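A look at the structure
These are the residues of each chain, in order.
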Amino acid sequence: MLNLVLFGPPGAGKGTQSANIISKYGLIHIATGDLLRSEISAGTDLGIKAATLMKEGLLVPDEVVIGMINSKFAENKDAKGFVFDGFPRTVEQAKALDTLLEANGVPISGVIALEVSETILIERILERGKTSGRPDDQEKSLVEKRVVEYRSKTEPVANYYDKQGKLARLNGIGDIDEIFDSIAASINSFA
Ligand code: AMP
């Protein structure tokens with residue numbers, strides 16, 4: 001299995017590059033933000049609770065997203081591998097992912113961190129907000145809050161993987177195809 005984590009702040013291009021990765025490598029895409037938005041659309045209890053936090057730019061509790069990941073993994077055990085996008089967002093989540101994958105003998109192959117300056121992130125998300133329909137993409141103060149949440153809770157996850165020798169930091173600014181070329185080069189070095 002090729003198991004990749006696509007890591008980075010909101011607006012780093014994780015969604016765009018995940019689409020490129022899954023089409024080139026035939027992997028399953030697991031994006032916790034998308035899974036949560038499906039729960040919201042379906043009006044489930046989980047969705048109703050998550051919506052309040054998401055609208056405030058805050059992370060939903062670890063046990064909620066870890067539960068979603070466990071079931072997605074169980075549904076796709078025959079997959080060639082996975083791209084985890086927007087997960088893990090805390091060190092607790094990273095540990096839970098390691099536990100799940102190691103129990104199945106299919107550890108993380110590598111982690112690609114897309115690096116983008118804060119000013120560009122905020123511009124990109126507000127631009128995306130014009131068409132994404134996402135309430136959390138619309139307001140500058142809310143977008144800034146998501147970035148703050150990222151810096152305090154999610155950025156330490158990069159260190160967690162760096163200590164395992166699994167982290168590749170890549171420039172996430174510029175031409176989408178060129179960024180993808182550097183991602184593919186990293187993936188080939190993990191495989
Ligand atoms: P995203 O689509 O990845 O930008 O996620 C949108 C929102 O969903 C985030 O701002 C969080 O509120 C929530 N969310 C998505 N993934 C996670 C996660 N792994 N842990 C906690 N909250 C998450």
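The structure presented is a predicted model; accordingly, all values stated were derived computationally and were not measured. (Residues numbered from 1 in each chain as written. Predicted model: local features only at pLDDT ≥ 70, side-chain atom pairs only at ≥ 80, totals over all residues. Heavy atoms only, no water.)

Turning our attention to helix α4 (residues 62-75). In this model, α4 (14 residues) spans 20 Å end to end at C-alpha, consistent with the 20 Å of a helix rising 1.5 Å per residue. Restricting attention to buried positions, one finds in α4 the residues Val-65, Ile-66, Met-68, Ile-69 and Phe-73. Along the long axis of α4, the arc covered by the buried residues comes to 160°, so they all point the same way. Exposed side chains of α4 directed beyond 90 degrees from the buried face belong to Glu-63, Ala-74 and Glu-75. Residues of α4 that are buried make contact with β2 (28-31), α2 (32-42), α3 (45-55), β3 (81-85) and α5 (91-103). (Helix = DSSP H or I, 4+ residues; strand = E, 2+ residues; numbered from the N terminus. Expected span 1.5 Å × (residues − 1). Buried < 20%, exposed > 50% of the residue type's maximum accessible area, 1.4 Å probe, protein only. Arc of directions from axis to C-beta. Contact = heavy atoms within 4.5 Å.)

What follows deals with the site of the ligand. Near the ligand you find 16 residues, and of these Thr-32, Arg-37, Leu-58, Arg-89 and Gln-93 are the closest. Take Arg-89: an N or O atom from its side chain is 2.9 Å from a nitrogen atom of the ligand. Within the side chain of Arg-134, an N or O atom sits 3.1 Å from an oxygen atom of the ligand. In isolation the ligand offers 480 Å² of accessible surface; the protein chains occlude 95% of this area. Its residues placed into classes, the shell around the ligand shows seven nonpolar, four polar and five charged. (Near = heavy atom within 4 Å. Polar contact = N/O pair within 3.5 Å; in protein donor to acceptor, adjacent residues only side chain to side chain. Areas by Shrake-Rupley, 256 points an atom, 1.4 Å probe, with all protein chains shown as cover. Nonpolar A, V, L, I, M, F, W, Y, C, P; charged D, E, K, R; others polar.)

With respect to the element layout, Gln-93 can be found in helix α5. Engagement of the side chain of Gln-93 in a polar contact is seen with the side chain of Asp-62, the distance being 2.9 Å.

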